[in-house]
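# Descriptive analysis of the structure
The lines below spell out each chain.
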There are 2 protein chains.
Amino acid sequence: MVVRLYDLCGRDRDLRFSPYCWRARFALAHKGVVPETVPTPFGAIREIEGGAFRTVPVLVDNGERIGDSFEIALHLEATRPGAPTLFGSEGIVAAARFLEGWAVAHLHPVIGRIIIMPIHDLIDVADQAYFRQSREARYGVTLEAFTTGADAEREALARALAPLRHALARHEWLGGPSPLFTDYIVLGSLMWLYTIHGELPLAPDDPVLNWFERGLDLHGGLARQATSAGAR
Amino acid sequence: MVVRLYDLCGRDRDLRFSPYCWRARFALAHKGVVPETVPTPFGAIREIEGGAFRTVPVLVDNGERIGDSFEIALHLEATRPGAPTLFGSEGIVAAARFLEGWAVAHLHPVIGRIIIMPIHDLIDVADQAYFRQSREARYGVTLEAFTTGADAEREALARALAPLRHALARHEWLGGPSPLFTDYIVLGSLMWLYTIHGELPLAPDDPVLNWFERGLDLHGGLARQATSAGAR
């Protein structure tokens, strides 16, 4: 059974920085699935599987094509009931949707102000005009004006992560005793920051850092190999 | 078996506005427990059960005393395993902690800017000095400067609730097919706003409003009776 994941990449094909692709990669690893990953620069997304998709990740699983990281997680849960669960209950699916909405609305803007300009500089030169235009339309300002950098956003990042810190004060994982897709949503968002910026600009004693380090070690260190160091 | 809940009240003893007390009341009703509620103004909190508590809610359950709304929910879950679950899995407990942290860090400040001054005006005159001093210390400005009102906060409130709206686009409840403590956390926060302000300043077609209305109807309309109309 061929399982293929189209995974966003930078000019260096080994730089995999999409938060949504990371969510899918964690979910696949959680289910014990080792996909063939296809490094996909922005400009190649429209060519995926005949042109049916506008975003990555895209999973091709035994002939079925699924876009969107959350849909991929639900698909894996439905098709691999014997492997460890990604959710455990429908209540967690709904809570995970809350987390997905929180990440987009309240975490990604803060991370974006740190890394949008660096991302622009690390992607295919041919994709930079598209990237600039689409992001400047989204944020309503130039990339240069939107990007404030890690020093300026340090406090905002710590503040944005307060709910996660509150949960991790009492639980080893956001999923409780072991990681669930709820963890992978936030780990994916932070992998976006980590792969581009090279570190998480958080206080050394922040429990979020400890949890993130444990996240890097999951599934044979899947995410640990992906620091930006090698990519730059 | 005597079950008693100390519940924050205003100068009008029927005005019950604490978000944390509402979480506890929803959780008790969810478990089919009808407590004797003791209306407790701020000034009487230190007299509860011999003075062991500094905040409400406080639950006295068959001789055991439990403070803190989340601890009360965990206690009810542990002592009433036969009644409908408030969580369903440890993963939901952890996700609910995330929601608890999110409400305090990101939702309550917005609601506070709408209702802190009105709360001041609705509590016992004898409690107003304490209330002003403690809240002004917390926010670092006078109540008058902190309060901006519903019109000014309308957009911020809609934006703060984006993660909830995202989940409710796909699920009837934050708990999935039926309400869980995750719902009661956010319902409690919004009851704080609703009981003091008399309505939720959201667009009429906001799915959050529909969910909130269904929340008011839960458990025999427990929360619907508590509009501020009667209390003012």
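Residues numbered from 1 in each chain as written. Chains lettered and ligands numbered in written order. Predicted model: local features only at pLDDT ≥ 70, side-chain atom pairs only at ≥ 80, totals over all residues. Heavy atoms only, no water.

## A short note on the overall build of chain A
Condition: Going along the chain from the N terminus, every DSSP run of H or I of four or more residues is numbered as a helix, and every run of E of two or more is numbered as a strand. C-alpha atoms define the radius of gyration in this analysis, and the globule rule sets the expected value at 2.2 Å times the number of residues to the power 0.38. We call a residue buried when its accessible area falls under 20% of the maximum for its residue type, exposed when it is over 50%, and partly exposed in between, using a 1.4 Å probe and counting protein chains only.
Secondary structure summary: chain A contains nine helices and four strands in total. Overall, chain A shows an N-to-C arrangement of helices and strands of β-α-β-β-β-α-α-α-α-α-α-α-α. A globule of 232 residues ought to have a C-alpha radius of gyration of about 17 Å, and chain A, at 17 Å, matches this closely. Projected onto its principal axes, the C-alpha positions of chain A cover 50 × 45 × 30 Å. Classification of the 232 residues of chain A by burial places 59% in the buried group.

## What to know about the environment of B:Asp124
Residues and elements named next belong to chain B. Where we set the bar: The contact criterion used throughout is that any non-hydrogen atoms of two residues lie within 4.5 Å.
Its location among the elements puts Asp124 in the loop between helix 3 (90-122) and helix 4 (125-139). Using a relative accessible area of 16% as the deciding quantity, one classes Asp124 as buried. With 47 residues separating them in the primary sequence, Asp124 and His171 have C-alpha atoms 41 Å apart. Excluding its chain neighbours within four sequence positions, the residues that come into contact with Asp124 are Gly10, Arg11, Arg13 and Pro41.

## As for the relation of the copies chain B and chain A
To keep it simple, the criterion reads: Here the copies are matched by least squares. The fit uses the C-alpha atoms of residues with pLDDT of at least 70 in both.
For the pair chain B and chain A, the best superposition has an RMSD of 0.0 Å and corresponds to a rotation of 180 degrees with a translation of 0.0 Å parallel to the axis. Both copies are brought into coincidence by an operation consistent with a two-fold rotation axis. Every residue of chain B has its C-alpha some distance from the rotation axis, and the shortest such distance is that of B:Ile92, at 3.0 Å.

## Some words on the sheet that holds strand 4 (residues 64-67) of chain A
Residues and elements named next belong to chain A. In plain terms, the rule: DSSP-based pairing: two strands are paired if at least 2 bridges between them are found. Helix axes are fitted only over the stretch in contact, all axes being lines through C-alpha atoms; the angle between N-to-C directions runs from 0 to 180 degrees.
In space, the four strands of this open sheet follow the order 2-1-3-4, with mixed pairing throughout. Each edge of the open sheet is held by one strand with a lone partner, namely strand 2 (36-40) and strand 4. On average, each strand axis in the sheet is tilted by 20 degrees relative to the strand beside it, whichever way the strands run. The pairing of strand 1 (residues 3-8) with strand 3 (residues 58-61) spans four bridges and is antiparallel. Bridged to Arg4 within strand 3 is Val60. Here helix 1 (residues 19-30) sits on the sheet in contact with strand 1 and strand 3, set at roughly 150 degrees to strand 1.

## Some thoughts on the UniProt feature "domain: GST N-terminal" (unreviewed entry) in chain A
Using the following cut-off: UniProt positions are given in the numbering used here, feature names are shortened, and annotations may be inferred rather than shown by experiment.
Annotation from UniProt places "domain: GST N-terminal" (unreviewed entry) at residues 8-84 of chain A. Note that residues 8-84 of chain A is 30% helix and 18% strand, and that its end C-alpha atoms are spaced 26 Å apart.

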